[in-house]
Amino acid sequence: MKLKNPPVNSLSLEMLTELVINLEKLENDKAVRGLVLTSEYPGIFSAGLDLMEMCGRNPAHYAEYWKALQEFWLKLYQSSLVVVAAINGASPAGGCLMSLICDYRILADNPKYTIGLNETLLGIVAPFWFKDTMVNTIGHRASERALQLGLLFPPAEALQVGLVDQVVPEDKLQSTALSVMAQWLAIPDHARQLTKTMMRKPTVDHLVKQRDADIQNFVSFVSRDSIQKSLQMYLQKLRQKKS
Ligand SMILES: CC/C=C\CC/C=C/CC(=O)SCCNC(=O)CCNC(=O)[C@H](O)C(C)(C)COP(=O)(O)OP(=O)(O)OC[C@H]1O[C@@H](n2cnc3c(N)ncnc32)[C@H](O)[C@@H]1OP(=O)(O)O
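Residues numbered from 1 in each chain as written. Predicted model: local features only at pLDDT ≥ 70, side-chain atom pairs only at ≥ 80, totals over all residues. Heavy atoms only, no water.

1. Focus on unusual backbone geometry
Just so we agree on the cut-off: To qualify as a helix, a DSSP run of H or I must reach at least 4 residues; to qualify as a strand, a run of E must reach at least 2; elements of each kind are numbered from the N terminus. Type-normalised accessible area, obtained with a 1.4 Å probe on protein chains alone, sets the label of each residue: buried when under 20%, exposed when over 50%, and partly exposed for intermediate values.
Cis rather than trans, the peptide bond between Pro6 and Pro7 has omega equal to 0°. Relative to the assigned elements, Pro7 resides in the loop between β1 (2-3) and α1 (13-28). Not every positive phi belongs to a glycine, and Asn9 is a case in point at roughly 55°. Following the sequence through the fold, Asn9 ends up in the loop between β1 and α1. Owing to a relative accessible area of 0%, Asn9 belongs among the buried residues under this scheme. Its identity as a non-glycine residue notwithstanding, Ala93 has a phi of 45°, on the positive side. Locating Ala93 in the fold gives a position in the loop between β5 (89-92) and α3 (94-100). The class for Ala93 is buried, based on a relative accessible area of 13%.

Structure representation (structure tokens):
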């Protein structure tokens, strides 16, 4: 599956909805057992959540957006398919989260392709289920440091901390993803799927139990004037970077 939402594959409401629909279709197709997630645009895997969905909108929109994000996370994290992320570009914040909920992550070796949960750099806070996903992958201490500092790791450091499973030359990314997929598909589906469910259930339950409260928390947080100002300033900085 190629992510395709120009210019930076930000996770807009429309994009999240389409991703969920496409995942459902693939899961209902008995001929499909695995999925390689990559970007149509080498250089950018995903810029994360679409900042335009979080700026200057009304509470009902924020609630709808957050619910769609939760839906996407729940769907991909619990997918019965083998999901391999072939990360062919920068992967900040929500882009990193999307990679973390796959079963295996391969990052192309390019110093510009940084990955991490950098929310604090925007003056916002990664929600508990982003944090849980990261802790499950790299452990508590490394997550605590990475989350507080909003670290974006270049490939060698991402590999060292365990944020990705492999770093390969850019021209080997797709072939590596296919050979990893073959290795995972050699395991009987039912045994692998039950194991995945067992490993992920506590993290899923944590969110499911608090879904409504999490939406309310997001809506009130993002509606604050101070948060709106931080997000606007961050967007401005992104735009100024060009000039
Ligand atoms: C209680 C909980 C509360 C809150 C939790 C909220 C959680 C949020 C998690 C998130 O995912 S927040 C989003 C964080 N994302 C980022 O920090 C990434 C920002 N973008 C970049 O660093 C760069 O754009 C890039 C490295 C992805 C690509 O760089 P480059 O190729 O140089 O492109 P440009 O920077 O020139 O960007 C082109 C264009 O796209 C706009 N844009 C970039 N990122 C986003 C985004 N996330 N959402 C919306 N729009 C984005 C950028 O402003 C440019 O727009 P122009 O109009 O100037 O063309």
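From this point, things continue past the structure.
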